[in-house]
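Residue strings, one per chain:
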Amino acid sequence: MRKLLLRLTHLLRRRQFDADLSEELEFHRALKQQELEDRGQSRVEASFAARRALGSPALALDEARDVWLWPWLADGVRDIRYGARMLARHPGFALVTILTLALGIGANTAIFSLINALMLRPLPVHDGGQLRFFGSTLATGSTGFTPNGPTTLFSHQFFRDFRRDNEVFEDVAAISSVLHGVSGRVAGAGFEKINVELVSGSYFHTLGVGAIAGRVLSDTDDRTAGAHPVAVASYSWWQRRFGGAPVLGSAVSIGQRTYEIVGVTERPFSGMTVGQSPDLWIPLAMQREVSPGWNGLENTMFQSLHLVGRLKPGVSPATAQSATNVVFRRLLTDYVGAQASPQAAANIQRASIELIPARLGRSIVRLEFSSPLTILMAVVGLVLLIACANVANLLLARASARQREVAVRMSLGAGRLRIIRQMLAESLLLGASGAGLGFVFASGASRLLVAVVSSSTEPVPLMVRPDLAVLAFTLGAMLATVLLFGAVPAFHATRLNLVPALKDGGSATSTPGRTRLSRILVAGQVALSVALIAGAVLFLRSFSKIMSIDTGFDKRNVLVIDVDPGAAGYQVDERFNAMMARVEQRVAQVPGVRGAGFALFVFNGGGWSLDTITIPGRTRSPNDHPGQVELNIVGRQYLDVMRVPILAGRGLSDRDTASSPKVAVINEMMARTYFGEPLPLGRTFSVDDDEKPESRQWRDVEVVGVARDAKSRTMLERERPAIFFPHAQHSRYFLSSLAVRHDPSAASGTLMPAIRRAVAEVDPNLPITSTTTLSNLVDDSVVNRRAVAELSAVFGLLAVVLASIGIYGVTSYGITRRTNEFGVRIALGAQRRDVLRLVLGETARLGAAGVACGLLLALVAGRLVTTLLFGLTPYDPSALAAAVLAMIAVALLAGYLPALRATRIDPLLALKRE
Amino acid sequence: MGREIPDLLPGTLELLILKTLGRGPMHGYAIAQRLRELSDDVLQVGESSLYPALQRLLLKNWVKAEWGASENNRRARYYTLTPTGRKQMAVERQDFDHLIFAIQKVLNAT
């Protein structure tokens, strides 16, 4: 310890130390000389003899100094100091190199930090390896039918019973599969959006997450429906909303109830979903209060919960798996009870729960982006390779400029390894500076990346701040890079023939090996660039094909406005229906608005599907299952607003009231598949619903119109049967999305305030939670495709820029080296045209070789991206041709500039230089 | 011509320096002189081994160094044995004796 301190002090006081030691050595030498003089030698003789006797003072100084440093550090420090001096002497070279590396490493770090945040980082929970999700947890919302396959949504009844009966889990927690974005008031302030996650009282205990202030929820907070108005705040919301001020006991009003904040969770914890960040956790017992439009704790068939359990220590996953399914099927059989048909019993035997490791949490964003990000990681890896080739080329060029220096040092006895190490130290310095700068780039870029992967309305809450994993990645990338670009030139530079290198000032001697090597590097760059451009073009074209898919509705000039009726105290009843109708009417009267209609789902907002449709005269076939029917409840103007054409019959209208006969509009697909005729007007159907079997509103519904097929959830979905019910006849859920069609000329800046006023006239307390446009929703549904297209284009461009720098550099260097040759050619009468043709011909050959390899690479790599392409194959000739042509053009341009210089060589000057 | 000290067993030079300093503070040149005299000119020590050895001793805290005035009034760095150094000298001495004894045994074996 003391030694360490001494060594460190020495490091800090090096200058003083060296001065002292030099003085001491000089004193020693003076006395020695005195001694020799005393013995009768002359002064000069004595001075030499003293020096000879004592050996090199520089060596003594060096070795004395080394005692204080760890030996490897001492050498390293010397190498690096020397390297720094060399780089400082060539600032242009250093700058270009460091910037190139920073771009390459920065791009890699940025993509990696996203991958890390989304796919690699474990949740900040206690011993996450023991946690298991029940099923994939990819489905959200609720289902109302008896499970008949792999299941992931469960009822509250099942959760309680399973928790009681299970023997393999220490504890099990339930989480509402939907994050409730509610409008609440904090301590009496105005409405603001608060993300509420409803969880069972066992949630925090199961995950092993504690409170940084106050307490977390426990079983006693989740006993009686409606009786536990308490909430736990997330650390990040506490910081954001309260600036970290004391918050315990604060009141948050949501809907008709006021919740007391009883605690704040530990810092990094933000729930089990990566890419979602709840502000408050509220006991599931308060479901009806938080979500008046969608709830059903007491209903065995309202299956809306995700479950996560902590395995008991020593229980193997296989044991847990089978034990869980035994309990699951037994409980399901109990629920179905005496009325169980053989069909239901068979369903239950097919029902299963797959236990999925929950260490990394669940994430919809991960699902959407894991393959795009993997591809982008490969893309930036290739960009880094291209950058390495550039730097290696620069180092090669410099190495031949330094041949003389290396030759001098080697002839003075410096070992080859010593010089290689020295050159590697220089590379390390370059690499480290590049990585450092790249790291800075990346922290800026990763925030941009989050924006690219986010929808238009709000950014995905992802923690992309660099952590240890990212740091380690950058360090690893740096070391790999240094080895890649540094090793070859270093070995190359020391493999030289000393005599000619020393004799001749190193002006024109360049080993042919070097030139060949750098041309291979450039050809490699061209090849990788071609592959990257081809990929970018493929992604861009497939994205534009997706964007030109016919949605079946007209996405232009439609605003989509979300309201929160629950926050304004509405229940699902007649009063609510009347309010909706008035809002539709009032908004439609706003100048510039053509029409307004509510819908349960507009587009890309999820959906509700069933396959339990009964049509008189048709037997339900088991094949109905894959063709699930999309249900929507809409305001009477909605289909007009969306411009979904009615092909036959009529649309929904004012005549369809709660007391009039039940009607619906179906789409073409529904007509074809379920009714077996294109226009089944006047025919009836019923919807069987396990969830609310008592409900009569789905019986004997008459088809009054057939609408054109339209997309409902994503751009890429297949056409599905769909039914639109008038909301006047179906009070069951809140319809909270209002679609508003406006004139193309209406400025959204004035339109939105007018619409807000119109809504406020109907009910001043009805909060508007978000506003967006229909075309934004369409874009959002393919945000991962857009991200891949945009980012691969950016990186493809970067690759091309780097490759063109490479071509420019190697051509330019070749011309400098061959100044004499060109001088002679011009002196002998070569025309500019001839010189230009000569140089460009070489560049073209280089480019052609690279392009050929790149084409092969693109064809091979293309197979890996097939899943991300739409409407074209990876062998799309136009994309490949575009890449080839673009690269050849860039190569010729990059070669043209130095070639032009070659034509301007003055033969006299060139020959004089010889 | 005498022997350069680094040819000896490792650590020997340090031991000899400690022994020399046992008589009191000395500067580097005086240490070299003293070693030569005591060994009848057999042991020659150059700057390039003496000063690194002194640095090693400093680092181990067996000696300490202070600037003072020399006989002819020049600034010189004087090295003094620390209490640890004095103790260590005995230990090192014993080790060294053991080692020499062992070497002798090997060489004398028939």
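See the structure printed just above.
Residues numbered from 1 in each chain as written. Chains lettered and ligands numbered in written order. Predicted model: local features only at pLDDT ≥ 70, side-chain atom pairs only at ≥ 80, totals over all residues.

Asks: Would you explain the environment of A:V77 in this entry?
Replies: Tracing the backbone shows A:V77 in helix 5 (residues 71-89). Remark: the alpha-carbon pair of A:V77 and A:A425, spanning 348 residues in sequence, is separated by 9.2 Å. (Helix = DSSP H or I, 4+ residues; strand = E, 2+ residues; numbered from the N terminus.)

Asks: Just to check I follow, could you spell out helix 1 (residues 12-21) of chain B for this structure?
Replies: In an α-helix, one turn spans 3.6 residues; hence positions three or four apart end up facing the same way. Residues of helix 1 of chain B that are buried include every one of B:L13, B:E14, B:L16, B:I17, B:L18 and B:L21, and no others. Residues of helix 1 of chain B that are buried in the fold lie against strand 2 (26-27), helix 2 (28-38), helix 3 (47-59), strand 4 (63-69), strand 5 (75-81) and helix 4 (83-108) of chain B. (Buried ≥ 20, exposed ≤ 12 C-beta atoms within 10 Å, placed from the backbone. Contact = placed C-beta atoms within 7 Å.)

Asks: Please clarify how unusual backbone geometry should be interpreted in this entry.
Replies: Working note: non-glycine residues mostly have negative phi, and peptide bonds are mostly trans. All names here are of chain A. Here the phi dihedral of R643 falls at roughly 60 degrees; this positive angle occurs in a residue that is not glycine. Relative to the assigned elements, R643 resides in the loop between helix 20 (638-642) and strand 17 (646-649). Exposure remark for R643: the 17 C-beta atoms within 10 Å place this residue in the partly exposed category. The phi torsion at D700 lies on the positive side, around 50 degrees, for a residue other than glycine. Structurally, D700 can be placed in the loop between strand 19 (684-687) and strand 20 (701-707).

Asks: Where do I start with the sheet that holds strand 4 of chain B in this structure?
Replies: Across a sheet, paired strands are connected by hydrogen bonds in the backbone, their directions being either parallel or antiparallel. Residues and elements named next belong to chain B. Pairing within the open sheet is antiparallel, and its 3 strands lie in the order 2-5-4. Two strands bound the open sheet, and with one partner strand each, they are strand 2 and strand 4. In the sheet, strand 2 pairs with strand 5 via 2 bridges, with the strands oriented antiparallel. Bridging from a neighbouring strand, H27 pairs with Y78 of strand 5. (Pairing = 2+ DSSP bridges.)

Asks: What is the right way to look at the packing of helix 1 of chain B against helix 2 of chain B in this model?
Replies: Geometry of a packed helix pair, given as the angle between the helix axes and the separation of the axes. Residues and elements named next belong to chain B. Where helix 1 meets helix 2, the closest approach of the two axes is 10 Å, and the angle between their N-to-C directions is 100 degrees. Taken together, the axis directions place helix 1 and helix 2 in an arrangement best described as roughly perpendicular. Two secondary-structure elements touch here, helix 1 through L16, I17 and T20 and helix 2 through I31, R34 and L35. (Axes fitted to C-alpha atoms, helices over the stretch in contact; angles between N-to-C directions. Parallel < 35°, antiparallel > 145°, perpendicular 65-115°, else oblique.)

Asks: Would you mind showing me how to read the nonpolar core here?
Replies: Nonpolar side chains in soluble globular proteins tend to be buried together. Residues and elements named next belong to chain A. Of all hydrophobic cores here, the largest spans 106 residues; its most connected members are V383, V530, A534, A799 and A883. Top contributing element to this core by residue count: helix 13 (residues 364-401), with 20 residues. Both of domain 2 (72-121 + 367-509) and domain 4 (520-547 + 775-914) provide at least three residues apiece to this core. For V530, the contacting residues outside a window of four places in its chain are G850, V851, G854, L855, A858, A883, V884 and M887. (Core = buried A, V, L, I, M, F, W, Y, C linked by C-beta atoms within 7 Å. Domains from an automatic or database assignment.)

Asks: What's the story with the packing of helix 1 of chain B against helix 4 of chain B in this structure? I'm lost.
Replies: Residues and elements named next belong to chain B. Between helix 1 and helix 4, the least distance of the axes is 10 Å, while the angle of their chain directions is 130 degrees. What the angle tells us is that helix 1 and helix 4 run oblique. Read as a crossing pair, helix 1 and helix 4 show a hand that is left-handed. Contacts from L15, L18 and K19 in helix 1 reach G85, M89, E92, R93 and F96 in helix 4. (Left-handed = near helix turned anticlockwise from the far one by under 90°.)

Function-wise, these values are silent; they only describe arrangement.
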